[in-house]
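An overview of the molecular structure
Letter by letter, the chains look like this.
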Amino acid sequence: MENSGIYVGLDIGTTSIKVIVAEYVKKQLNIIGVGSERSDGLSRGVIVDIDRAVTAIKKAVAQAEQKANIQISEVIVGIPANLLEIVPCSGMIAIGDESGNSKEIGNDDVYRVTKAALTQKLPPERDIIDILPDEFIVDGFDGIKDPRGMIGVRLEMKGVVYTGPKTILHNTLKCVQMAGLKVKDTLVGPLALSTVALSDGERDFGTVLLDLGGGQTTAAVVHDHKLKYTYVDQEGGKFVTKDISVVLNTSLENAEKIKRNYGYAASYLASKEDLFPVEVVGKTDKVQVSGEYLGEIIEARLTQIFTKLKDALEQIDALGLPGGIVITGGMAALPGVKELAEDVFDVNIKIFIPQQMGLRHPSFTQAIGLVQYMTVRSEIELVVKGVLSGKTVQQVAPQRATKEADDEQLVKVDFNSEKAEKKQKKKDGNGAFEGLKNFFNTFFD
């Protein structure tokens, strides 16, 4: 399927709101418009003031419209991974005629089997962000990616559902609507991000993706081209700026400029001799501060963030994945981030920076990912996702409390054990993967 057309991605971040207008023609994605506006009404990745957020969205959209010379009416919205849950789903329906004879499978059958898969317990405070089919099974024959056109009497679907808090979804969609826009689709932020920041091999064999945002830091584990796990630490670039402001006794605005112009994530990369002036509150003359001292302030906060992420990732042995860690997001542009991350995580680290003209800054990765992800979605995935607009999910009482998710922002993962066994058998036959055997057993079972 050729997903040609104009796509507009809306990334509502804590520090900035970005709008990307892209044209997808002949399997080529061309950025034709960009809008970036300082965020307002957001805290730690979540909208807390709808009116102020709407104003910022309108400004960012207006910038993109002017540069792209088009009027934007609908957007693809990224949803943060806060309290995200990844839940397997499955459904089965009969597709034969009244006599039990085989029938050709069409869109209606895919729609019905998806509805059957979504008929499950869902806590009333949660809603579905996205659903992805893993495989279809026709009369016992599994591993089918698209069953349409085949014949059978029984159709099954196994997939993954991504759910998030209704509060976050409602506030986000409400802001978009109040800004005069329609929501073309909602996407899980880390999943869209992975299509840009990770190569095909990294998404296949397994990689940890770190998004160093302004309001929070998100770690996502991608394996077998699927998002398996996310962890959100409620600290980001803004906390680094606040630390600089407090320690150097300067305004937040000055602290942000100092961080961008002179900051190093690893203090040993900075120099004691490199001095810069700082406007200190209560003093007429500027104070000279060394780059090394500034680096020590930044390093302390980033080390704390990285240590929390490491502890969470070690619980599922994710640091043993072949792809190592790929870092992106606004703070990834800070010199020394790669070196500091290597010291803390002790794995292979790579910094991803988009290469599109005018967007060569890691803070644009998420917005680009939103539009690129839509261009690579298969037709069967779009058919399955279309079922969500029909509101077919039956909501009942929650199955059980999720204290871990509430306290630690950890995502509950319930992997399909049968599928995991198949993948493990494949790995066991390859000597290069013997060192990862314990990881896969822990991670998938």
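From a predicted model like this one, the values you see are computed outputs, not experimental measurements.

**Examining a nonpolar patch on the surface**
- On the surface, Val 246, Val 247 and Tyr 293 cluster together into a nonpolar patch covering about 290 Å² of accessible area.
- As for its placement among the helices and strands, Val 246 is situated in helix H6 (residues 237–248).
- Taking the relative accessible area as the measure of exposure, Val 246 reaches 65% and is therefore exposed.

**Description of the pattern of salt bridges**
- Within this structure, the stated rule accounts for 27 salt bridges.
- With a shortest N-O distance of 2.7 Å, Arg 301 and Asp 243 are connected by a salt bridge. Residue Arg 301 is located in helix H8 (residues 291–314), and its partner Asp 243 is located in helix H6; the two are separated by 58 residues in the primary sequence. Both residues of the pair, Arg 301 and Asp 243, belong to the buried class.
- A salt bridge links Lys 257 to Glu 253, with the shortest nitrogen-to-oxygen separation between them at 3.8 Å.

**A word on the packing of aromatic side chains**
- Enumeration over the complete set of coordinates arrives at two aromatic pairs.
- Considering the side-chain rings of Tyr 262 and Phe 276, the 4.4 Å spacing of their centres and the 5 degrees angle between planes classify their relative orientation as stacked. Linking Tyr 262 in helix H7 (residues 252–262) with Phe 276 in strand E17 (residues 275–278), this pair joins segments that are 14 residues apart in sequence.
- A residue is classified by how much of its surface remains accessible, and Tyr 262, at 36% relative accessible area, is partly exposed.
- Looking at Phe 276, the relative accessible area reads 2%, which means it is buried.
- Ring geometry for Phe 306 versus Phe 345: centroids 5.4 Å apart, planes at 55 degrees, classification tilted. Separated by 39 residues along the polypeptide, Phe 306 in helix H8 and Phe 345 in helix H9 (residues 337–345) bring together distant segments of the chain.
- By relative accessible area, which is 0% here, Phe 306 ends up buried.

**Description of unusual backbone geometry**
- For Asp 224, which is not glycine, the phi torsion reads 55 degrees and is therefore positive.
- Within the secondary structure, Asp 224 sits in the loop between strand E15 (217–223) and strand E16 (226–233).
- The backbone phi angle of Asp 317 is positive, close to 55 degrees, even though this residue is not glycine.
- In this fold, Asp 317 is placed in the loop between H8 and strand E19 (325–328).

**Focus: the confidence of the model for the protein chain**
- Scored by pLDDT, the protein chain has a mean of 87; 87% of the residues are at 70 or more.
- When pLDDT is averaged over each helix and strand of the protein chain, the minimum, 38, is found for helix H12 (residues 403–408) and the maximum, 98, for E19.
- Note on residues 391–445: pLDDT under 50 across the span, and 97 contacts to partners over four residues away in sequence or across chains.

**A word on the packing of H8 against H9**
- Between H8 and H9, whose axes approach to 10 Å, the crossing angle comes to 45 degrees. Our classification of the angle between H8 and H9 gives oblique. For the element pair H8 and H9, the recorded crossing hand is right-handed. Of H9, the residues touching H8 (which contributes Glu 299, Leu 302, Thr 303, Phe 306, Thr 307, Leu 309, Lys 310 and Leu 313) are Val 337, Leu 340, Ala 341, Val 344 and Phe 345.
- Of the residues that constitute the contact of H8 with H9, the class distribution is nine nonpolar, two polar and two charged.

**A closer look at the pairing of strand E14 (residues 207–212)**
- Taking burial as the measure, the six residues of E14 include six buried ones, the bulk of the element.
- Neither face of E14 is open: one carries Thr 207, Leu 209 and Asp 211, the other Val 208, Leu 210 and Leu 212, and all of them are buried.
- Pairing of E14 with E15 involves six bridges; the strand directions are antiparallel. Residue Leu 212 lies in a different strand from E15, and its bridge partner there is Thr 217.
- In sequence, E14 turns back onto E15 through a hairpin of four residues.
- Here four bridges tie E14 to E19, and the two strands are oriented parallel to one another. Following the sheet pairing, Leu 210 is matched in E19 by Ile 327.

**A short note on the pairing of E16**
- The buried count for E16 comes to eight of eight residues, which makes it a mostly enclosed element.
- The sheet contact formed by E15 and E16 spans seven bridges and is antiparallel. The partner of Thr 218 across the bridge, within E16, is Val 232.
- Between E15 and E16, which pair antiparallel one after the other, the connecting turn spans two residues, and Asp 224 there sits at a positive phi close to 55 degrees.

Conventions we followed
- Residues numbered from 1 in each chain as written.
- Predicted model: local features only at pLDDT ≥ 70, side-chain atom pairs only at ≥ 80, totals over all residues.
- Heavy atoms only, no water.
- Patch = residues over 30% accessible without salt bridge, like charges linked within 9 Å, V, L, I, M, F, W, Y side chains within 5 Å.
- Areas by Shrake-Rupley, 256 points an atom, 1.4 Å probe, with all protein chains shown as cover.
- Salt bridge = Lys/Arg side-chain N within 4 Å of Asp/Glu carboxyl O.
- Helix = DSSP H or I, 4+ residues; strand = E, 2+ residues; numbered from the N terminus.
- Buried < 20%, exposed > 50% of the residue type's maximum accessible area, 1.4 Å probe, protein only.
- Phe/Tyr/Trp six-rings, centres within 6.5 Å; stacked < 30°, edge-to-face > 60°.
- pLDDT = per-residue confidence, 0-100.
- Contact = heavy atoms within 4.5 Å.
- Axes fitted to C-alpha atoms, helices over the stretch in contact; angles between N-to-C directions.
- Parallel < 35°, antiparallel > 145°, perpendicular 65-115°, else oblique.
- Left-handed = near helix turned anticlockwise from the far one by under 90°.
- Nonpolar A, V, L, I, M, F, W, Y, C, P; charged D, E, K, R; others polar.
- Pairing = 2+ DSSP bridges.

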